[in-house]
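Examination of the molecular architecture
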Amino acid sequence: MKIHVPRDAAARAVGADQVAAAILAEADRRGIAVTLIRNGSRGMVWLEPLVEVTTPEGRMAFGPVAASDVAGLFDAGWQGHPLALGPTEELPWMMMQTRLTFARCGITDPLCLEDYRAHHGLKGLHRALTMTRDAMLQEVIDSGLRGRGGAGFPTGIKWKTVSDAPADQKYIICNADEGDSGTFADRMIMEGDPFTLIEGMTIAGLATGATRGYVYMRSEYPDAVQVMAEAVRIARDAGLLGPSVMGSGRAFDMDIRVGAGAYVCGEETSLLNSLEGKRGVVRAKPPLPALEGFFGKPTVVNNVISLASIPVIFDKGAAYYRDFGLGRSRGTIPLQIAGNVRRGGLFEIAFGMSLGQIVDDIAGGTATGRPVKAVQVGGPLGAYFPRALFDTPFCYEEFAGAEGLVGHAGIVVFDDSADMLKQARFAMEFCAIESCGKCTPCRIGAVRGMETVDRIARGDAAAIPLLRDLCATMKSGSLCALGGFTPYPVMSALTHFPEDFVPLHEAAE
Amino acid sequence: MQVDEADVCARVGDILDAHGGMEGPLLPILHAVQDAFGHVPMAALPVIADRLNLSRAEVHGVVSFYHDFRSQPHGRHVLKLCRAEACQSMGGDQVADRARALLGIDWHQTTPDGAVTLEPVFCLGLCACAPAALVDGRVVGRVDQARLDSLLDEVRA
């Protein structure tokens, strides 16, 4: 029999390795031949470890499985067991999604190229190899794909800028420095379907004339680093990477690089400095990295999900992708639902669902069963949304209009025990710890911000306008998003949850 | 752990040889040095600077910029606890307070017997099974009090 047990870090973190070992031991004891496949995660993290058994009726899901459940599951013949969930594809979480970027994740063996090919893998690259560079660039522009790292810049325009820049060497750099709390889409795709990212970067190289690429990963993701490095080796051995991509005579190759625990290196210019072997200090723009990036050469810096969405766009066409979404937010977005939720995980859907639907219907409210108080969207630099803003549609412009940001689409839910003054202080503390130190509003402002929040906590009402003023300075005076966006969580906490800022509350009475 | 300077120079030289021809090799070199010695010894800096045609100050500047690089060896085990928002929402702060109290040390410190170093980490990407920890590079999720206590038993043994 064929059994899938995820190798995704979230599954391993809750015992998938022990479950896999128990399955092999139990099968051996009973003399049952088992083919065990370590797949990526389906994204239903609350059901991990999610074990799947292949049957003539499709893959059947069981979860969450503990090693101690394995003998009982074999006794039951893997059916009619209390942990049986039915066909995986028919679970409501799966049925409600539109999986384009994550179509293969959790289904295939992440490091099996044959499996990748059997599930539409490399179809996009095959098509790209028949197109002119201009046609490839137009395809990306027409898809409406925007940077999934958070900035939302049109990917096709960025590629065209690099393509048009004359240079002897250009680079494709994948920003895999996924440091935002509440986000794990990059990690999941790199652990669960790494060839998608390699294919997307290769297409980017062909479209822009870049022949070298790097994936800048985090040291906090040891499992993802290992899978990506192995996938690059396999792709190179198979002739997908190297001097002649799939025998086309056109070159593209790539390597994996690992950061060293600096959050600010997720900012594209400090990432470039880090990759060059320097301190991860932010660079002023202009010059744009597209014109003067890695070692001064024209460089595409794209997020993992942007690049991993390229193969499906080339496989199915720009129009297919563009037809999903709302307004200027086209295609799908892999939501990462995290924190205090009943059902947490990855949920890919067209842009446009309201925040309330995501939190109440998809996530099912809080894990603790208490009322939802606040939802932070977009990582540590994202705003805290109160229930009053739950009708905001999940789109770039609409979130900006509500003084927030989509960011990398991480959604962290807090119940009513959260203290929003404490969360505001943490935002400032995080900025102070992670500031690269280049510009004053961030380096000094974050420290003063912590002190000012502490004054408010001690009952000093005069510190509140000071905090607002400081946030305005940081927002407009910082070079990058770290100092510039730290005011989002701080100001949203202050604006939407004044009762947690005691003197403000007293002043209102 | 005392490191012999001549030994450091020789082994760092080998690491530098293995990274020849790389674009922007300093971070991969520093990772390799830290893997080899458990930290980045001061004696390694001039060797690296000389080979890469940098000043010692530049190399030191890079080492000190990144949280990962340590100037001292860590304990026999390293326990990293996530301090970021998703873990906070699931009681990560209480778990961290308990860890500090039971180990009797603060962040970045090592227990006097050299068994455990406690480090904060900002996001392991395990935000849907929070609170999260990394024990000697192994991921652990849903770290409630009971799971923390068993992790502490493991690293203090």
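This structure is a prediction, so every number in the text was calculated from the model and none was measured. (Residues numbered from 1 in each chain as written. Chains lettered and ligands numbered in written order. Predicted model: local features only at pLDDT ≥ 70, side-chain atom pairs only at ≥ 80, totals over all residues. Heavy atoms only, no water.)

A short note on the overall build of chain A
What counts, and what does not: Strands here are runs of E lasting at least two residues and helices are runs of H or I lasting at least four, both read from the DSSP assignment and numbered beginning at the N terminus. This radius of gyration counts C-alpha atoms alone. The globule rule is 2.2 Å times how many residues there are, raised to the power 0.38. Exposure is judged per residue with a 1.4 Å probe applied to protein chains only, and the accessible area is read against the type maximum: over 50% gives exposed, under 20% gives buried, and values in between give partly exposed. It only takes one pair of heavy atoms within 4.5 Å for two residues to be counted as in contact. Accessibility throughout is a Shrake-Rupley quantity obtained with a 1.4 Å probe, and a residue counts as covered only by protein chains that appear here. As used throughout, the charge tally considers Lys and Arg to be positive and Asp and Glu to be negative, leaving His and the chain termini uncounted. For this purpose, a charge sits on NZ of Lys, CZ of Arg, CG of Asp or CD of Glu.
Within chain A one finds 23 helices and 16 strands. In terms of overall dimensions, chain A is globule-like: its C-alpha atoms have a radius of gyration of 23 Å, near the 23 Å expected for 509 residues. Expressed along its principal axes, the backbone C-alpha trace of chain A runs to roughly 75 × 60 × 40 Å. Relative to its full complement of 509 residues, chain A shows a buried share of 61%. Long-range contacts, defined as pairs at least 24 residues apart, comprise 70% of the intrachain contacts of chain A with a sequence gap of at least 6. Total accessible area on chain A stands at roughly 17,400 Å², and carbon and sulfur atoms take up 54% of it. Of the charged side chains in chain A, 49 are positive and 58 negative, and the gap between their average positions amounts to 5 Å.

Concerning the overall build of chain B
A count of helical and extended segments in chain B gives seven helices and four strands. Per-residue burial over chain B gives 54% buried out of 157 residues. Within chain B, counting contacts between residues at least 6 apart in sequence, those at least 24 apart form 60% of the total. Summed over its atoms, the accessible surface of chain B is roughly 7,000 Å², and 49% of this surface lies on carbon and sulfur atoms.

Describing the domain arrangement of chain A
Residues and elements named next belong to chain A. Heads up, the rule is: Domain start and stop positions are those given by an automatic or database domain assignment. The term buried area means the drop in 1.4 Å probe accessible area that two parts suffer when joined, counted for both and summed. We define a salt bridge as a side-chain nitrogen of Lys or Arg found within 4 Å of a carboxyl oxygen belonging to Asp or Glu. Identification of polar contacts relies on pairs of N or O atoms within 3.5 Å, with a donor-acceptor requirement for protein atoms, meaning one able to donate a hydrogen and the other able to accept it, and with residues adjacent in sequence counted only if both atoms are side-chain atoms. All residues other than Ala, Val, Leu, Ile, Met, Phe, Trp, Tyr, Cys, Pro, Asp, Glu, Lys and Arg, Gly among them, are scored as polar; the first ten of these are nonpolar and the last four charged.
In terms of domains, chain A is made up of domain 1 (2–89), domain 2 (113–323), domain 3 (325–415) and domain 4 (420–500). Once you take the C-alpha centre of each, domain 1 and domain 3 turn out to be 30 Å apart. Taken together, the contacts link four residues of domain 1 with five residues of domain 3. Both faces considered, domain 1 and domain 3 share a buried interface measuring about 310 Å² in area, 60% of it formed by carbon and sulfur atoms. For domain 1, the biggest contributors to the area lost against domain 3 are Gly43, Val45 and Trp46; these three give 94% of the whole. Across the domain 1-domain 3 interface, the total number found is zero salt bridges. One can count two residue pairs in polar contact (both at pLDDT 80 or more) joining domain 1 with domain 3. Here the side of domain 1 that touches domain 3 is built from residues that sort into three nonpolar, one polar and no charged.

Structural notes on the domain arrangement of chain B
Accessible area lost when the parts come together is the quantity often used to give the size of an interface. Its domain assignment divides chain B into domain 1 (5–65) and domain 2 (77–156). With centres defined by C-alpha atoms, the gap from domain 1 of chain B to domain 2 of chain B works out at 30 Å.

Here's the deal with the environment of isoleucine 313 of chain A
Residues and elements named next belong to chain A. Topologically, isoleucine 313 is positioned in helix α14 (residues 310–316). Since its relative accessible area comes to 0%, isoleucine 313 is described here as buried. C-alpha of isoleucine 313 to C-alpha of serine 143: the two residues are 170 residues apart in sequence and 7.0 Å apart in space. Setting aside residues up to four positions removed in sequence, isoleucine 313 forms contacts with Arg127, Glu139, Ser143, Leu145, Ala318 and Tyr321.

Notes on the pairing of strand β6 (residues 171–176) of chain A
Residue and element names in this part refer to chain A. Note the cut-off: Two strands are counted as paired when DSSP detects at least two bridges linking them.
Within β6, six of the six residues are buried, which leaves it mostly tucked inside the rest of the structure. Here β6 shows no split at all, with Tyr171, Ile173 and Asn175 on one side and Ile172, Cys174 and Ala176 on the other all buried. Relative to strand β7 (residues 212–217), β6 is paired through six bridges, and the arrangement is parallel. By the bridge assignment, asparagine 175 is partnered in β7 with tyrosine 216. Summarising the sheet, β6 and strand β9 (residues 299–303) pair through five bridges and their orientation is parallel. By the bridge assignment for β9, isoleucine 173 is matched with valine 301.

What to know about the sheet that holds strand β16 (residues 410–415) of chain A
Residues and elements named next belong to chain A. Operational definition: For helices, the axis comes from a line fit to the C-alpha atoms of the stretch in contact; other axes are also lines fit to C-alpha atoms, and the angle between any two N-to-C directions lies between 0 and 180 degrees.
Spatial ordering of the open sheet is given by β13-β12-β16-β14-β15, a layout of five strands whose pairing is mixed. Of all the strands in the sheet, just β13 (345–350) and β15 (384–385) have a single pairing partner and so form its edges. Strands in contact with helix α16 (residues 355–362) are β12 (332–339), β13, β14 (372–377), β15 and β16; relative to β14, the strand with the most contacts, it is inclined by about 120°.

So, the pattern of salt bridges
Overall, the coordinates contain 46 salt bridges over all chains when judged by the stated rule. Between arginine 117 of chain A and glutamate 114 of chain A there is a salt bridge, with the nearest N and O atoms lying 3.0 Å from each other. Here the residue arginine 117 of chain A and the residue glutamate 114 of chain A both occupy positions in helix α5 (residues 113–118), the gap between them amounting to three residues, near one helical turn. By relative accessible area, glutamate 114 of chain A is classed as exposed at 52%. Arginine 100 of chain B is paired through a salt bridge with aspartate 97 of chain B; the nearest N and O atoms lie 2.8 Å apart. Of this pair, arginine 100 of chain B and aspartate 97 of chain B are both found in helix α6 (residues 92–103), three residues apart, which corresponds to roughly one turn of the helix. Residue aspartate 97 of chain B is classed as partly exposed on the basis of its relative accessible area, which comes to 42%. By sharing partners, the salt bridges in this structure join Arg212, Arg236, Asp253 and Asp255 of chain A together with Glu23 of chain B into a single network.

Notes on the pairing of strand β1 (residues 77–82) of chain B
All names here are of chain B. Here β1 pairs with strand β2 (residues 116–121) via six bridges, running parallel. Its bridge partner being in β2, leucine 81 is matched across the sheet by proline 120. Note: β1 against strand β3 (residues 133–135), three bridges, orientation antiparallel. Looking at β3, one finds that lysine 80 is bridged to leucine 134.

Structural notes on helix α11 (residues 222–237) of chain A
For an α-helix, 3.6 residues make a turn, and residues three or four places apart therefore share a direction. Put simply, the test is: A helix is expected to reach a length of 1.5 Å times the quantity of its residues less one.
Given a rise of 1.5 Å per residue, 16 residues ought to cover 22 Å, and the 23 Å separating the end C-alpha atoms of α11 of chain A matches this to within 8%. Residues Asp223, Ala224, Val225, Val227, Met228, Ala231, Val232 and Ala235 of chain A constitute the buried set of α11 of chain A. Along its buried surface, α11 of chain A packs onto α1 (9–12), α9 (185–192), α10 (194–208), β7 and β8 (253–258) of chain A together with β4 (138–140) of chain B. Directly after α11 of chain A, the chain includes glycine 239 of chain A, whose backbone phi takes a positive value near 80°.

Quick look at the nonpolar core
Residues and elements named next belong to chain A. Let me state the cut-off plainly: What makes a nonpolar core is a set of buried Ala, Val, Leu, Ile, Met, Phe, Trp, Tyr and Cys residues whose side-chain atoms join them at distances within 4.5 Å.
Residues Trp159, Met190 and Val215 are the most contacted members of the largest nonpolar core, which totals 157 residues. Apart from residues no more than four positions distant in its own chain, methionine 190 is found in contact with Ala176, Leu197, Val215, Met217, Tyr221, Ala224, Val227, Met228 and Val304. Among the nonpolar cores identified, the runner-up in size contains 37 residues, and Trp93, Leu335, Ile358 and Phe399 belong to it.

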